[in-house]
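Geometric and topological summary
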Amino acid sequence: DTAVSQTPKYLVTQMGNDKSIKCEQNLGHDTMYWYKQDSKKFLKIMFSYNNKELIINETVPNRFSPKSPDKAHLNLHINSLELGDSAVYFCASSPKPTGTYEQYFGPGTRLTVT
Amino acid sequence: SQQGEEDPQALSIQEGENATMNCSYKTSINNLQWYRQNSGRGLVHLILIRSNEREKHSGRLRVTLDTSKKSSSLLITASRAADTASYFCATDARSSNTGKLIFGQGTTLQVKP
């Protein structure tokens, strides 16, 4: 059973479009995260939710909007896609919102904006 | 600002050799974690070391932490081709109460058979 799953795995779209990436975890964790990994492999936190409440909201364009319908799901919606949004997006989860727990990562969604 | 920086950026060794990767960070931390990322995959947690610990072992992995120098190292002994991956350190800043991890840029390790 996959612990943290993301869909789709690949996403190719044109500038200006709106797209969503979905994430689900079956670990019973309280906390979920979205990260962006650029072409140089630099991994940066974007958002974090704990029990459906937003707790981390980094400096991210407001074209990016996370939604957590329940604590097992965290989706990422991106409006008006730009070339610079091309990256790999990772969802992750942890039992609680502290750095004393490891984070479990999904397989990633490679977004290509043309 | 980015918390963790890793050195070297790339490392190529022969199977059976040891691999050492270093991580430096800027502010006081609660914990430091190491992750592995195989090509095209998500990150996998390897080991967590707390700020009051100096060394930790897990199988062929040995992690050290020197809080006075704000640095950590990951040693992989008797490397195997399957260890080929990128390795990242991640810090949990003492000033943070959200569990936010800041990742270094990673060391790409190639182990040649």
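Residues numbered from 1 in each chain as written. Chains lettered and ligands numbered in written order. Predicted model: local features only at pLDDT ≥ 70, side-chain atom pairs only at ≥ 80, totals over all residues. Heavy atoms only, no water.

1. Considerations on the packing of aromatic side chains
Under the counting rule described, the total for this entry stands at 8 aromatic pairs over all chains. On the basis of an interplanar angle of 85 degrees and a centroid distance of 6.1 Å, the ring pair of Phe105(A) and Phe103(B) is categorised as edge-to-face. A residue pair is termed interchain when its members come from two chains, as with Phe105(A) in strand E10 (residues 104-105) and Phe103(B) in strand E10 (residues 101-103). There is no split in this pair, since Phe105(A) and Phe103(B) are both buried. In textbook terms, an aromatic cluster arises when at least three aromatic residues are bridged by ring pairs, as seen for Tyr33(A), Tyr35(A), Phe90(A), Phe105(A), Tyr35(B) and Phe103(B). (Phe/Tyr/Trp six-rings, centres within 6.5 Å; stacked < 30°, edge-to-face > 60°. Helix = DSSP H or I, 4+ residues; strand = E, 2+ residues; numbered from the N terminus. Buried < 20%, exposed > 50% of the residue type's maximum accessible area, 1.4 Å probe, protein only.)

2. Observations regarding the interface of chain B and chain A
Buried accessible area, meaning the area lost when the parts come together, often serves as the stated size of an interface. Contact residues are listed per partner, giving 23 residues for chain B and 23 residues for chain A. Summed over both partners, the interface of chain B with chain A buries about 1,800 Å², with 52% contributed by carbon and sulfur atoms. Considering only the surface of chain B that becomes buried against chain A, Thr98(B), Lys100(B) and Phe103(B) emerge as the three largest contributors, covering 26% of it. Run the count over chain B and chain A and you get 1 salt bridge. (Contact = heavy atoms within 4.5 Å. Buried area = accessible area lost by both parts, 1.4 Å probe. Salt bridge = Lys/Arg side-chain N within 4 Å of Asp/Glu carboxyl O.)

3. Concerning the confidence of the model for chain B
The predicted coordinates should not be examined in detail at positions where pLDDT is low. Within chain B, residue pLDDT values average 93, and 96% of them lie at 70 or more. Mean pLDDT across the secondary structure elements of chain B bottoms out at strand E1 (residues 5-7) of chain B, with 85, and peaks at strand E7 (residues 61-66) of chain B, with 98. (pLDDT = per-residue confidence, 0-100.)

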